[in-house]
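The primary structure of each chain is shown beneath.
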Amino acid sequence: MQTHEKPSQSNDETGSSAVAPTGKFLRNTWYPILWSSDLAADQLIGRTVLEEPIVFFRKDDGAPAAIADMCPHRFAPLHLGKRKPGDRIRCLYHGLEFDATGACAFNPHGDGRIPHNSTVASYPMIEKHKILWLWMGHRTPDPALIPDFSIFDTDDAGALTKFDYITIAANYELVTDNLMDLSHTAFLHEGLLGTEFSVRGELTVTQDGNAVIVSRYNRNTPVAKVHDLIFRQDGQPCDTWDSIRWDAPGCFVLDVGVHAPGATKAEGSGLYAVHLLTPETATSTHYNFSAVRQGMANGQKPSPEISKQIGDMRRDIFLNQDAMIIEAQQENIRRFPERTKRPALFSTDAGPARQRRVLNALLAADAD
Ligand code: FES
Ligand SMILES: [Fe+2]
């Protein structure tokens, strides 16, 4: 079911108290932690997720696995160890071996008895749409809860930008606010992803189940660099669209594109830009991103060179513009927790406010 909401200029309707970061993590959900291509057969990758250290590896049959990244003997990180046959990891320090269920499967010392209290936590994982998904909840994991990222199920490597990754030293909800309110592209990314005219398009906020979608169309505006790059490369004004969909807890697909003034989307050229957020700690976020070309105008084929330029440009922008300002924002919130509880809101905050309401409802149901 879709419901539509027109944004309002009023603080009351966007509800400033509802947009403060919840400071909580959803547990019974899938977290997109790694790209499939990040994890090779014998590799061990340690990452903290929801404040828990976890080591990621592939079992002998290639399926992904995740167990706690801390040996119960002397607490060495297991990701420093070695991948051994039988789905095992051998601790680097004194050689205990752990299997994919988290059980200690081998003790090279003394009579080989398995010590008490030597089982570590293990976490379900699924590999889907070239993404490795992690479940940290107490309920039975439901694969149907994984959002649809079938846009990545393409063999056309030229249509894809790099499967990329950065970390941001801020709570993932601040990054979520950044993505749910793309009006910032006009200012923070001026000339690159938007222009000062990009904020003129009328905003709509819709809901599809628990997904929230924020959409906008801009008519006959000066062209920003990314729109020019994927379309005519002539610097002429154009119409642009952007529509970002959020699925809990931190999965975003931005349908963005460009066409000649007065033309239609079918005559345009665009991208599906994907952003996947997973909380590392309360003040840091794993940020995986990539993009897939769509709607190539004039029968063009995706160009690997242009896809590379788009990927490089997005990495540079996310690191040097988005991460820069979000980290500065997080620092102000850390220094002034009381003063930053009630933000001054305006019309473009309708998307983040709706998203936060849905997240709050999901968090309330999460502990059941
Ligand atoms: S710390 Fe792992 S075996 Fe000693
Ligand atoms: Fe941005």
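Residues numbered from 1 in each chain as written. Chains lettered and ligands numbered in written order. Predicted model: local features only at pLDDT ≥ 70, side-chain atom pairs only at ≥ 80, totals over all residues. Heavy atoms only, no water.

Observations regarding the nonpolar core
This is how it is decided: The criterion is simple. A nonpolar core is a set of buried Ala, Val, Leu, Ile, Met, Phe, Trp, Tyr and Cys residues joined through side-chain atoms within 4.5 Å. Each residue gets one of three labels from its accessible area relative to the maximum for its type: buried under 20%, exposed over 50%, partly exposed in between, using a 1.4 Å probe on protein chains only. Secondary structure elements follow DSSP: runs of H or I no shorter than four residues count as helices, runs of E no shorter than two count as strands, and numbering proceeds from the N terminus. The domain limits used here are those given by an automatic or database domain assignment. Working rule for contacts: check all heavy atoms of both residues, and any pair within 4.5 Å makes them a contact.
Counting 60 residues, the largest nonpolar core has Val49, Ile54, Phe56, Leu134, Ile168, Trp246 and Tyr287 as its most contacted members. At seven residues, helix H4 (residues 304-335) tops the list of elements feeding residues into this core. Taken domain by domain, this core gets at least three of its residues from each of domain 1 (2-17 + 160-366) and domain 2 (30-145). Not counting residues up to four positions away in its chain, the partners in contact with leucine 134 are Thr29, Trp30, Tyr31, Ile33, Val49, Ile54, Phe56, Ala66, Tyr123, Pro124 and Met125.

Here's the deal with the sheet that holds strand S8 (residues 97-98)
Just so we agree on the cut-off: Strands were regarded as paired on the criterion that DSSP finds at least two bridges between them.
Read across the open sheet, the four strands follow the order S6-S7-S8-S9; overall the sheet is antiparallel. The two strands at the open ends of the sheet, each matched to only one other strand, are strand S6 (82-84) and strand S9 (104-106). The pairing of S6 with strand S7 (residues 88-90) spans three bridges and is antiparallel. Looking across to S7, one finds that lysine 84 is bridged to arginine 88.

Concerning the packing of helix H2 (residues 172-180) against H4
In plain terms, the rule: The axes are straight lines fitted to the C-alpha atoms, using for helices just the contacting stretch, and the angles between their N-to-C directions are given from 0 to 180°. Geometric relationships in this document are graded by angle, where less than 35 degrees denotes roughly parallel, more than 145 denotes roughly antiparallel, 65 to 115 denotes roughly perpendicular, and other angles denote oblique. Two helices crossing with the near one rotated counterclockwise from the far one by less than a right angle form a left-handed crossing, whereas a clockwise rotation gives a right-handed crossing. Residues are grouped as follows: nonpolar covers Ala, Val, Leu, Ile, Met, Phe, Trp, Tyr, Cys and Pro; charged covers Asp, Glu, Lys and Arg; every other residue, Gly included, is treated as polar.
Closest axis-to-axis distance for the H2/H4 pair is 10 Å, and the angle between their directions is 130 degrees. Classed by the angle they form, the pair H2 and H4 counts as oblique. Of the two possible hands of crossing, H2 and H4 adopt the one that is right-handed. Taking contact as the criterion, the partners of Leu174, Val175 and Asn178 in H2 are, on H4, Asp322, Ile326, Gln329, Gln330 and Ile333. When its residues are assigned to classes, the contact of H2 with H4 shows four nonpolar, three polar and one charged.

Concerning empty space enclosed by the protein
Here is the rule we go by: Lining residues are those with an atom within 4 Å of a point, where the points come from a 1 Å grid over the protein atoms alone and group into cavities, where a 1.4 Å probe fits but cannot get out, or pockets, open sets with protein on both sides within 12 Å along at least five of seven lines. Grid points are joined across faces, edges and corners, and a volume is the space filled by probe spheres set on the points.
Considering all chains together, one arrives at three cavities of 30 Å³ or more under this definition. The calculated volume of the largest cavity comes to roughly 330 Å³. Around the largest cavity sit 26 residues that line it, and Thr185, Leu193, Val226, Leu254 and Val256 are the ones nearest its centre. Contributing elements (two or more residues each) for the lining of the largest cavity: H2, strand S15 (211-221), helix H3 (225-230), strand S16 (238-247), strand S17 (251-259), strand S18 (269-281) and H4. Roughly 60 Å³ of volume is contained in the second largest cavity. Among the secondary structure elements, those contributing two or more residues to the lining of the second largest cavity are S15 and S16. The element best represented in the lining of the second largest cavity is S15, accounting for three residues. Considered class by class, the residues forming the lining of the second largest cavity number five nonpolar, two polar and three charged.

Notes on the coordination of the iron ion (ligand 2)
Put simply, the rule is: Keep in mind that water is not among the atoms, so a site may look incomplete; donors are the N, O and S atoms within 2.8 Å of the metal, or 3.2 Å for Na, K and Ca. Tetrahedral means four donors with every angle between 85 and 135 degrees, whereas square planar (four donors) and octahedral (six donors) require angles over 155 degrees between opposite donors and between 65 and 115 for all others; sites fitting neither are termed irregular.
At this site the iron ion (ligand 2) is bound by His184 (NE2), His189 (NE2), Asp322 (OD) and Asp322 (OD), with donor distances of 2.1 to 2.7 Å. Geometry at the iron ion (ligand 2) is irregular, judged from its four donor atoms and the angles of 53 to 148 degrees they form at the metal. If you list the donors of the iron ion (ligand 2) from N- to C-terminus, the spacing comes out as H-x4-H-x132-D. Summarising the burial analysis for this pair, histidine 184 and histidine 189 share the class buried.

Thoughts on the environment of methionine 125
For methionine 125, the position within the fold is in strand S11 (residues 125-128). For the pair methionine 125 and tryptophan 30, spaced 95 residues apart in the sequence, the C-alpha separation amounts to 8.5 Å. Excluding anything up to four places from it in sequence, methionine 125 contacts Trp30, Ile33, Phe56, Pro64, Ala65, Ala66, Leu132, Trp133 and Leu134.

Details of the domain arrangement of the chain
One frequently used descriptor of interface size is the decrease in accessible area upon assembly of the parts. Put simply, the test is: Two parts lose some accessible area (1.4 Å probe) when they are put together, and adding that loss for both gives the buried area. In the sections that follow, a salt bridge refers to a side-chain nitrogen of Lys or Arg positioned within 4 Å of a carboxyl oxygen of Asp or Glu. Polar contacts, as used here, are pairs of N or O atoms within 3.5 Å; protein pairs need one atom able to donate a hydrogen and one able to accept it. Residues neighboring in sequence count only if both atoms are side-chain atoms.
Under the domain assignment used here, the chain contains domain 1 (2-17 + 160-366) and domain 2 (30-145). Each of domain 1 and domain 2 has a C-alpha centre, and these two points are 34 Å apart. Taken together, the 19 residues of domain 1 in the interface contact 18 residues of domain 2. It is Phe163, Leu276 and Thr278 that lose the most area in domain 1 upon contact with domain 2, and together they represent 32% of the buried surface on that side. Inspection of the domain 1/domain 2 interface yields zero salt bridges. Our count for the domain 1 to domain 2 interface comes out at 11 residue pairs in polar contact (both at pLDDT 80 or more). Here the element with the most residues in the side of domain 1 that touches domain 2 is S18; it accounts for six residues. Classifying every residue of the side of domain 1 that touches domain 2 gives 11 nonpolar, five polar and three charged.

Structural notes on the packing of aromatic side chains
Rules: The aromatic pairing rule takes the rings of Phe, Tyr and Trp, using the six-membered ring of Trp, and pairs them if the centres are within 6.5 Å, calling planes under 30 degrees apart stacked, those over 60 edge-to-face and the rest tilted. Whether a charge sits over a ring comes down to the Lys NZ or Arg CZ being within 6 Å of the ring centre and within 35 degrees of the ring normal.
Tallying each qualifying case throughout the model produces 10 aromatic pairs. Relative to phenylalanine 318, the ring of phenylalanine 289 has its centre 5.0 Å away and its plane inclined at 80 degrees; by these criteria the two rings are edge-to-face. Residue phenylalanine 289 is located in strand S19 (residues 284-294), and its partner phenylalanine 318 is located in helix H4; the two are separated by 29 residues in the primary sequence. Of the two residues examined, phenylalanine 289 and phenylalanine 318, each falls in the buried class. What links up through ring pairs into an aromatic cluster is the set Trp35, Trp133, Phe149, Phe152 and Phe163. For arginine 47, the ring lying beneath its charged end belongs to tyrosine 165, and the centroid distance is 3.8 Å. Between the NZ or CZ atom of arginine 219 and the centre of the ring of tyrosine 217, over which it lies, the distance is 4.0 Å.

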